[in-house]
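# Observations on the three-dimensional arrangement
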Amino acid sequence: MALNNVKETFGTALPDDGTAVDVLIAGAGPTGLALAIDLTRRGVRTLLVERQEHLSPGARGNGMQPRTQEVYDDLGLIDAALAAGGLYPKTARWENGAIVDVTEMIERVDPTPATPYSNGLMLPQFRNLELLYERLRELGGDVLFRTELTTFDQDSAGVTARLRHADGAERTVHGAYLVATDGGRSTVRRALGTKMSGPDLEPVPVLLADVRVDGLDRDHWHRWELPTGGFAGLLPLAGTDSFQAMIAAFDTTPDTSPETVRAQLAAHTHLAAEQIREVLWSSLFRPRAGLVDSYRTGRVFLAGDAAHIHSPAGGQGLNTSVQDAYNLGWKLGQVLRHGAPDRLLDTYGTERRPIAEGILDTSTRLHRSRELRRGRDLHQLGIGYPDSPLTHELRTDLAEGIPAAGYRAPDAPCTTADGTPARLFDAFRGPHFTLLDLGGTGIDDGALPADPALLRLVRVGGPAPDLIDTDGHIRDAYGPDAAVLLIRPDGYLAVAAPPEDATARVTEALRAYLGAGAVAAR
């Protein structure tokens, strides 16, 4: 697959009329591509522009946490991601040309029926981008490369943006909304005047490179502690024949030439320069941390690194960014395709900013402590929105361990009514809401939206079940009591109600998500 070399002519990815879209996205990194995938599968006219001539090279951020793997499951990417990636190996520490100890830096966790993706997945970022781009193309979307958003204006009707192609040609595009996914030095954020603030990190230069190495095994993540207090590391990249080199020597600011990469590795490891057979990509970065005050200004949204930047410690940044897109995508779809009220979009920042704030604290703590152990607390499976205005927990005396409204909806193996093996994630997968009727509550489906693109009713047990809890995994995940659970398109419990008056309570709650016009009788 040679997707990193794809080049587009100006206008190829524009709509038929060439001027109007629903959502304009600036920046084709992981956040922009994930958002474009989600919007495209919802039938939202989307234009994704990228100033570079191809997808970004380099392994960069290569850790995909379990919660992001669940997002990829929903977006139709998980099989490709698992095939292209792999688990992180044990860490080997070197001294005087020999391995002195081997440790399990990243905790291994066994999967469970409720959590099928339980370990961090190593997926080089360039390969991740290729998979995202391929999926977008499968859905009929595309990226307009070599195209930069230069200026924009907005009013109550939408956003008018000026695009400039690499050959100097310019074009004006109108969109209902603009989403900036253009990185930590976001052009859109600066144009808005939105400030970013955060803790100070030591401005230590770190040399990153993707290299091919002779004479080093691929069974370990190799690490050398340096007298300066820094380190050098070589991580064998899953699905490739190369390593990711990271050198934090603390006493110099090197250039990024292949010769310098070889010299730095030779200086700080037992390897000779000639063992660095090839330098595929290199870059220099200094860790920074920051968070914007507001994720929305009128019809313009900030997502990913445009809204928050983190130290790479803990592997949280890319994952948080993709989940920004996942949160915003379904809300834009509801407003643009199904007539939901615009105020639904305000909940994007309300929900996502506190998450980024907490993750910023975590990554900064790990960065400063230089702690190497990584546990399940970084998997992002415990993230939730219990305080969101969209969350309604209507049950009382909820047993310990049962997920409350606002938190992730667990998976569970089960069967269909005819005995075919199934999973709850199969029912959730897609751009719709899912209404789980647990235990035959007698909910009146005639009072629910008729459009399956909006809502799908799934009965578990009862007189006419869609799913059978054959081995009790649904009961283990959600408890033994009858209940009605509304699952958001992003896999979180929106409403949890007891059987009594469940139809009225769910219908009332749906108005915030779907708009009063969509909540109509069949």
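Residues numbered from 1 in each chain as written. Predicted model: local features only at pLDDT ≥ 70, side-chain atom pairs only at ≥ 80, totals over all residues. Heavy atoms only, no water.

With that settled, consider the nonpolar core. In terms of nonpolar packing, the biggest core is built from 113 residues, with Leu 33, Leu 436 and Tyr 478 touching the most fellow members. No other element matches the eight residues that helix α7 (residues 317–338) contributes to this core. Among all residues touching Leu 33, those that are not within four sequence positions of it are Ala 28, Leu 48, Leu 55, Leu 129, Leu 132, Tyr 133, Leu 136 and Val 143. In this structure, Ala 92, Ala 232, Leu 234 and Leu 271 belong to the second largest nonpolar core, which totals 20 residues. (Core = buried A, V, L, I, M, F, W, Y, C linked by side-chain atoms within 4.5 Å. Buried < 20%, exposed > 50% of the residue type's maximum accessible area, 1.4 Å probe, protein only. Helix = DSSP H or I, 4+ residues; strand = E, 2+ residues; numbered from the N terminus. Contact = heavy atoms within 4.5 Å.)

A sheet is described by the order of its strands in space; here three strands give the open sequence β11-β17-β20, paired in antiparallel fashion. Unpaired on one side and paired on the other, β11 (196–197) and β20 (308–309) mark the two borders of the sheet. (Pairing = 2+ DSSP bridges.)

Turning to its location among the elements, Asp 490 is positioned in the loop between β27 (483–487) and β28 (493–497). Side chain to side chain, Asp 490 and Trp 330 meet in a polar contact 3.2 Å long. (Polar contact = N/O pair within 3.5 Å; in protein donor to acceptor, adjacent residues only side chain to side chain.)

Before going further, it helps to examine the packing of helix α2 (residues 66–75) against α7. The contact between α2 and α7 brings their axes to 10 Å, and the two run at 40 degrees. Our classification of the angle between α2 and α7 gives oblique. Seen along the crossing, α2 lies across α7 with a hand that is left-handed. Where α2 approaches α7, its residues Arg 67, Thr 68, Val 71, Tyr 72, Asp 74 and Leu 75 are matched on the opposing element by Asn 319, Val 322, Gln 323 and Tyr 326. Of the residues in the contact of α2 with α7, the class split is five nonpolar, three polar and two charged. (Axes fitted to C-alpha atoms, helices over the stretch in contact; angles between N-to-C directions. Parallel < 35°, antiparallel > 145°, perpendicular 65-115°, else oblique. Left-handed = near helix turned anticlockwise from the far one by under 90°. Nonpolar A, V, L, I, M, F, W, Y, C, P; charged D, E, K, R; others polar.)

What follows deals with the packing of aromatic side chains. Taken as a whole and judged by the stated rule, the model has nine aromatic pairs. On the numbers, 6.0 Å between centres and 20 degrees between planes, the contact of Trp 94 with Trp 224 is stacked. Here the residue Trp 94 occupies a position in strand β4 (residues 90–95), and Trp 224 occupies one in strand β13 (residues 220–225), the gap between them amounting to 130 residues. Residues Tyr 177 and Phe 301 carry aromatic rings whose centres are separated by 5.9 Å and whose planes lie at 50 degrees to one another, so their mutual orientation is tilted. With Tyr 177 in strand β10 (residues 170–180) and Phe 301 in strand β19 (residues 300–302), the pair connects residues that are 124 residues apart, well separated along the chain. Look at Phe 301 and you get buried, because its relative accessible area is 0%. Members of the aromatic cluster, each reached through a chain of ring pairs, are Tyr 177, Tyr 295, Phe 301 and Tyr 348. The ring of Phe 231 has Arg 223 sitting right over it, with the charged end atom 4.1 Å from the ring centre. (Phe/Tyr/Trp six-rings, centres within 6.5 Å; stacked < 30°, edge-to-face > 60°. Lys NZ or Arg CZ within 6 Å of the ring centre and 35° of its normal.)

Moving on to α2. Burial within α2 is extensive, with ten of its ten residues counted as buried. Of all the positions in α2, only Pro 66, Arg 67, Thr 68, Gln 69, Glu 70, Val 71, Tyr 72, Asp 73, Asp 74 and Leu 75 are classed as buried. After α2 finishes, the residue Gly 76 shows a positive phi value of roughly 85 degrees.

Moving on, we get to the pairing of β4. Along any regular strand, the residues point their side chains to alternate faces of the sheet. Pairing of β4 with β13, which is carried by five bridges, proceeds in the parallel orientation. Residue pairing across strands places Arg 93 opposite Arg 223, the latter belonging to β13. Between β4 and strand β5 (residues 98–103), which follow one another and run antiparallel, lie two residues, and Asn 96 among them has a positive phi close to 55 degrees.

A word on the pattern of salt bridges. A full pass over the atoms with the stated rule returns 31 salt bridges. The salt bridge involving Asp 101 is made with Arg 93; its shortest N-O contact spans 2.5 Å. Assessed through its relative accessible area of 27%, Asp 101 is described here as partly exposed. Assessed through its relative accessible area of 26%, Arg 93 is described here as partly exposed. (Salt bridge = Lys/Arg side-chain N within 4 Å of Asp/Glu carboxyl O.)

Note that Ser 282 resides in strand β16 (residues 276–285). Residues Ser 282 and Lys 195, spaced 87 residues apart in sequence, show a C-alpha to C-alpha distance of 30 Å. When sequence neighbours within four positions are dropped, the list of residues in contact with Ser 282 reads Leu 208, Ala 209, Thr 256 and Val 261. Within the structure, the side chain of Ser 282 is placed 2.5 Å from the backbone oxygen of Thr 256, a separation counted as a polar contact.

Attention now goes to the pairing of β28. Among the five residues that make up β28, five are buried, leaving the element largely enclosed by the rest of the structure. Where β27 lies against β28, four bridges are found, and the strand directions are antiparallel. By the bridge assignment, Ile 487 is partnered in β28 with Leu 493.

Time to look at the confidence of the model for the protein. The predicted model of the protein has a mean per-residue pLDDT of 90, with 92% of residues at 70 or higher. Contacts of residues 1–12 to residues separated by more than four positions or lying in other chains number 38 contacts, the stretch itself having pLDDT below 50. (pLDDT = per-residue confidence, 0-100.)

What follows concerns helix α4 (residues 125–138). The terminal C-alpha atoms of α4, which comprises 14 residues, lie 20 Å apart, in line with the 20 Å expected from a rise of 1.5 Å per residue. Here α4 has its buried residues at Gln 125, Phe 126, Asn 128, Leu 129, Glu 130, Leu 131, Leu 132, Tyr 133 and Leu 136. (Expected span 1.5 Å × (residues − 1).)

Let us now look at the sheet that holds strand β15 (residues 243–248). The sheet built from seven strands is open, its strands ordered β5-β4-β13-β14-β15-β12-β16 with mixed pairing. Here the strands that pair on one side only, and so sit at the sheet edges, are β5 and β16. Neighbouring strand axes in the sheet, compared pairwise and without regard to direction, differ in orientation by 20 degrees on average. In this structure, strand β14 (residues 231–236) lies alongside β15, joined through six bridges in antiparallel fashion. Note that in β15 the partner of Pro 236 across the bridge is Phe 243.

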